[in-house]
Amino acid sequence: MAERETPAATKSMDDIMALCKRRGFIYQASEIYGGINGFWDYGPLGAQLKKNLRDAWWNDVVMVPCGGRRGPTGEPVRMVPVDSCIIQHPRVWEASGHVEGFNDPMVDDRETKARYRADHLMGVFVVWEVPKHDAQKTGAELMSALATLVEPQSSSPYPEFMVVAPHAAEALSSLAADPKQIPRLKRAQPINAVRGDGAALALLHFGERAFVARVGPVDLALLGREPERFPAPVTGKKGVLTPPRAFNLMFKTYVGATATEDDVAYLRPETAQGIFTNFKNVVDTMRVKMPFGIAQMGKAFRNEVTPRNFTFRSREFEQMEIEFFCHPSEARAWYGFWRDWRMQWWESVGLKGENLVLREHATDELAHYAREGAGTSDIEYRFPFTAPGYGELEGVAHRTDFDLRRHQEYSGVKLDYFDAERGERGPSGQPRGERYLPHVIEPSAGLDRGVLALLCEAFTPDPARASGVFLRFRPRMAPIKAAVYPLVNREAMPEVAARLHADLVGRFGRDGFIEFDAKQTIGKRYARMDEAGCPFCFTVDGQSLQDMTVTVRDRDTQQQERIGLDAVPAFLADRLAR
RNA sequence: GCGGGAAUAGCUCAGCGGUAGAGCGCCAGCCUUCCAAGCUGGGGGUCGCGGGUUCGAAUCCCGUUUCCCGCUCCA
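Residues numbered from 1 in each chain as written. Chains lettered and ligands numbered in written order. Predicted model: local features only at pLDDT ≥ 70, side-chain atom pairs only at ≥ 80, totals over all residues. Heavy atoms only, no water.

### So, the overall build of chain A
Piece 1. Along the backbone of chain A there are 16 helices and 28 strands.
Piece 2. Burial status across chain A gives 52% buried among its 578 residues.
Piece 3. Once local pairs closer than 6 in sequence are excluded, the contacts in chain A between residues at least 24 apart make up 64%.
Piece 4. Surface accessibility of chain A: about 26,700 Å² in total, with carbon and sulfur atoms responsible for 51%. (Helix = DSSP H or I, 4+ residues; strand = E, 2+ residues; numbered from the N terminus. Buried < 20%, exposed > 50% of the residue type's maximum accessible area, 1.4 Å probe, protein only. Contact = heavy atoms within 4.5 Å. Areas by Shrake-Rupley, 256 points an atom, 1.4 Å probe, with all protein chains shown as cover.)

Next comes the structure, spelled out in C-alpha cells:
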C-alpha cells in the first residue's frame, strides 16, 4: 500500500472538506444557523468511521491490552477503564495547574499587530536622572549614591518604556545586549539583582544623559484601566495598546440554579484528571497491582484562541487517554514501550509511511509536569494543511508523579501505593513491601484528529476513475463494509442480492453499513462506493443465477474476482479484520 | 484578536442594479448483463445573516457570522 501512497502536499484540504460534506462524514455544527466557530458534527459515515477508530482503540488498548503483547517487565500489560464526569470539582483544575495555566492575559499593539503576554511586559520606570558629573561612573560606583535614593515606589506608576521579557533579570540582560528595544537608548547597564517586588535597577544612557531606572512588572490593573498611558514595546508609542484580555481556555459553567461566582465549574480540558482522581478508588476496589493502566475516552473542551484547520483544532473534541502507573524505577522502560507501541497502533489502523512520524520533544518544549521525566514524544501526521510539517495525533509523556502528588496535596487524601512485592525481604523471605507515589506514562490521543488523519490518508485522487477520487480506508476502519448489488434490476437478480444483503447485515452489520442498491447503472454505484470508501462490492449477475457465484469488486484495484455465493461471509470476515 | 480572500441549488460555479441560472449529483419512470452510458420527467435556493442607498439589490455601501490563507496563540 505504501508504495502507492499519495503525498499529503498534493491533496487539497478544500477537496477533502467538500467530500466530507458531500458524503456525510463531517458537517459544520449548527450549520442552518450560520455555524458556530470551532465545532463540527459528524454525519452518518463520519459517526461510524469515528466509532470504528474508537472501538479499535478500546479493543486494542483496554480489552486486549497492547494487542496481547508483553510489557518491558515480561508480564502481560494490565489495563482497566473508567468513565468520569466532564464536570469535576473546581479544585481538580487548580491541582492540575489548568486554572493557572489557562489564564494568560494578552495585550495587543494595534499599530504593529504584535501580541504580548501581559505578565511579560516589563516596565522601565525612570526614578532619577544622574547628575552630569556622575554620568560616566560605572554602575558599581553609583551603588553608594543609590543607597540614599528615592524609593522606587515614589516614581510614576506609568513606565517610560516597555520591554518584553518573562522577568526583570532577563529584561535587563536583553536590554544590555540590544539597547535598540528602547528608542534613542545608547547603552544599558544592570546595577543590582532582582528585588522582592520583581524589579531591578539599571543605568540607562541616552546620549549625554543618564538615568537610573527601575525595571519590573507593570501594574496590570492600571494597564487595564488606562492602557493609553502605557508605551508600546519597541516603538514606545502610547495609545496603541489594548487592555489585557484574558484568554481563558477553559469553558466555564455554573453548577446549580443560582449561578453565582461561588458555583463556578469548568468543562474538563482533558480526560486525564478524571483518571487521577479515581486512582485510589480503582486501587481499592479492583485488585489491580502495579504496574497497571487506567484508560478513558471522552469529550474534552478547550476554548481555543483560533480554531482552525477543519476539525484539527476544535473546541469540543474527544480524547483517548491512558494513564499507566508504575514504579519510578520502571518509568523509563514503560515510556519507551508505550511510545513505540502507540506508533505501531497508528500504523495498524492505516497511517503508514512517511506521513506518520514519531518525534521526541526537546527539553525546552516540555510541559510543566514533564520536565523531570524520561521524556515526551509526539506521534504526528502530515496533514495537507501542515505539510511539509506535521500535526500532533498523540502525545506520549512521562508525567512523573506530578499529578498524583498535586492531587494528594490539594485533596489531603493519601494517594501513595503499597507495593507488597517490593522492598527488603523479611526473615520469612517475604518482601516487606514498599510505599511510593507511582510515576505515570500518559499516551494521550485525539480521536477527532485520528479520524481526520484517516480521512486525509484515505483520500486518493484518481483522475482515471469515474468518481475522480476514492477513500482507501483499511477495511477495519471503513464505515461502509460492503455493498451488494444486482447487476440489473431484473429477473431474479434483485431477489438473490437482497438475500445476500440480509445475510451480510446479520453477520457484519454491527461493524458498519452494508449497502444495497438496485437503481442506476453499476458503474454509478461503484463510483459512489469509491467516494464513500467501501472496500468491497458484491454483484449478482446473470451467471450468478446459473452457478451461485458473485463477482467481488475491489475498491483499490478495481479488479473483480468471482467467488461462490456461500463463500462471501468467510471472504468478508477475513478481509474486515485487516 | 489582527490583516487578506471567500460565501448564490447537495457539489462545482456563472450572473455583478431590472422575473435566480448551468453542469454534475439526487429522486421517479423507461432502457440497460460490470465501472458516474442514454431518454423522459421531478424535487431542490428568503443568493450566509442584519441594516442602508435605490422606483427596484444576489449585484452598491455599512455591520455581522462562518470558512480559507497569513500573523498571533496553543498545558
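From this point, the discussion proceeds with the structure in view.
### Side note on the sheet that holds strand β21 (residues 439-446)
Hydrogen bonds between backbone groups are what pair the strands of a sheet, and the pairing can be parallel or antiparallel.
Piece 1. With mixed pairing, the seven strands of this open sheet are ordered in space as β3-β14-β15-β21-β18-β17-β16. Strand pairing shows two members of the sheet lacking a second neighbour, β3 (79-81) and β16 (356-360), which therefore form its edges. Taking the axes of each pair of neighbouring strands and ignoring which way they run, one obtains an average angle of 20 degrees across the sheet.
Piece 2. Strand direction decides the pairing type here: β16 and strand β17 (residues 376-381), joined by five bridges, are antiparallel. Residue E360 lies in a different strand from β17, and its bridge partner there is S377. (Pairing = 2+ DSSP bridges. Axes fitted to C-alpha atoms, helices over the stretch in contact; angles between N-to-C directions.)

### Focus on the state of the cysteines
Piece 1. Applying the stated criterion across every chain, the model contains zero disulfides.
Piece 2. Free cysteine: C326, not disulfide-bonded; nearest cysteine sulfur from C66 at 13 Å. (Disulfide = S-S within 2.5 Å.)

### Quick notes on the packing of aromatic side chains
Piece 1. This model, assessed by the stated rule, comprises 25 aromatic pairs.
Piece 2. Three or more aromatic residues joined by ring pairs form one cluster here, namely F324, W334, F337, W338 and W341.
Piece 3. Taking the ring centre of F125 as reference, the NZ or CZ of R214 above it sits at 4.5 Å.
Piece 4. It is R525 that lies over the ring of Y485; its NZ or CZ is 5.1 Å from the centre. (Phe/Tyr/Trp six-rings, centres within 6.5 Å; stacked < 30°, edge-to-face > 60°. Lys NZ or Arg CZ within 6 Å of the ring centre and 35° of its normal.)

### Here we look at the nonpolar core
Piece 1. Of all hydrophobic cores here, the largest spans 68 residues; its most connected members are F25, L53, W57, W338, W346 and L455.
Piece 2. The dominant element in this core, judged by the number of residues it contributes, is helix α10 (residues 331-348), at nine residues.
Piece 3. Ignoring sequence-local partners within four residues, the contact set of L53 consists of W345, W346, V349, L447, G450, V451, L454 and M477.
Piece 4. Counting residues in hydrophobic clusters, the runner-up holds 20 residues, among them L504, F508, F536 and L576. (Core = buried A, V, L, I, M, F, W, Y, C linked by side-chain atoms within 4.5 Å.)

### Regarding the sheet that holds strand β8 (residues 187-190)
Piece 1. With antiparallel pairing, the five strands of this open sheet are ordered in space as β7-β6-β10-β9-β8. Each of the sheet's edge strands pairs with one partner strand only, and the pair in question is β7 (161-164) and β8. Taken pair by pair, the neighbouring strands of this sheet meet at an average axis angle of 35 degrees, ignoring direction.
Piece 2. Across eight bridges, the pairing between strand β6 (residues 121-130) and strand β10 (residues 209-217) is antiparallel. Across the sheet, the residue bridging to E129 is F211, located in β10.

### Let's talk about the pairing of β6
Piece 1. With seven of ten residues buried, β6 lies mostly within the body of the structure.
Piece 2. Strand direction decides the pairing type here: β6 and β7, joined by four bridges, are antiparallel. Looking at β7, one finds that G123 is bridged to M162.

### Observations regarding the packing of helix α13 (residues 493-508) against helix α16 (residues 568-576)
Piece 1. Between α13 and α16, the shortest axis-to-axis distance is 11 Å and the interhelical angle comes to 40 degrees. With respect to α16, the axis of α13 lies oblique. In terms of crossing hand, the pair formed by α13 and α16 is right-handed. From α13, L500, D503, L504, R507 and F508 reach across to α16, where they touch V568, P569, L572, A573 and L576.
Piece 2. The residue makeup of the contact of α13 with α16, split by class, is eight nonpolar, no polar and two charged. (Parallel < 35°, antiparallel > 145°, perpendicular 65-115°, else oblique. Left-handed = near helix turned anticlockwise from the far one by under 90°. Nonpolar A, V, L, I, M, F, W, Y, C, P; charged D, E, K, R; others polar.)

### Remarks on the environment of P244
Piece 1. Take P244: it is sitting in the loop between α7 (220-225) and β11 (245-248).
Piece 2. By relative accessible area, which is 21% here, P244 ends up partly exposed.
Piece 3. Distance from P244 to D119, taken between C-alpha atoms, is 9.4 Å for residues 125 residues apart in sequence.
Piece 4. The contact partners of P244, leaving out residues within four places of it in the chain, are P105, M106, V107, A118, L220, L223 and G224.

### A few points about the pattern of salt bridges
Piece 1. Evaluation of the coordinates by the stated rule reveals 37 salt bridges.
Piece 2. Residues E270 and R399 are paired through a salt bridge, measuring 3.8 Å at the closest nitrogen-oxygen approach. With a gap of 129 residues between them, E270 in the loop between β13 (264-266) and α8 (272-276) and R399 in strand β18 (residues 391-400) connect regions that are remote in the sequence.
Piece 3. Among the residues examined, E270 registers a relative accessible area of 8% and is labelled buried. (Salt bridge = Lys/Arg side-chain N within 4 Å of Asp/Glu carboxyl O.)

### Some points on the side chain of R342
Piece 1. As for its position among the elements, R342 is in helix α10.
Piece 2. Not counting residues within four places of it along the chain, the set of residues in contact with R342 comprises W57, V61, I379, E394, V396, P443 and A445.

### A few points about the packing of helix α2 (residues 44-63) against α10
Piece 1. Contact pair α2 / α10: the axes reach a minimum separation of 12 Å and the direction vectors enclose 140 degrees. As far as their axial angle goes, α10 and α2 are oblique. As for how α2 packs across α10, the hand of that crossing is right-handed. Along the contact surface, α2 presents L53, A56, W57, D60 and V61, while α10 presents W341, R342, W345 and W346.
Piece 2. Per-class residue counts for the contact of α2 with α10 are seven nonpolar, no polar and two charged.

### Quick word on unusual backbone geometry
Piece 1. For the bond from M290 to P291, the omega torsion is -5 degrees, close enough to zero to count as cis.
Piece 2. If you trace the backbone, P291 turns up in the loop between α9 (279-286) and β14 (292-301).
Piece 3. A positive phi angle, close to 70 degrees, is found at Q520, a residue other than glycine.
Piece 4. Structurally, the position occupied by Q520 is in the loop between β25 (513-516) and α14 (522-532).
Piece 5. Even without being glycine, Q558 reaches a positive phi, approximately 65 degrees.
Piece 6. Relative to the helices and strands, Q558 resides in the loop between β27 (549-554) and β28 (560-564).

### Concerning the confidence of the model for chain A
Piece 1. Mean pLDDT for chain A: 85, with 89% of residues reaching 70 or above.
Piece 2. Ignoring residues within four places in sequence, the model shows residues 1-5, a span with pLDDT below 50, making twelve contacts including any to other chains.
Piece 3. Here the complex is predicted with pTM 0.80, and the ipTM for its interfaces comes to 0.87. (pLDDT = per-residue confidence, 0-100.)

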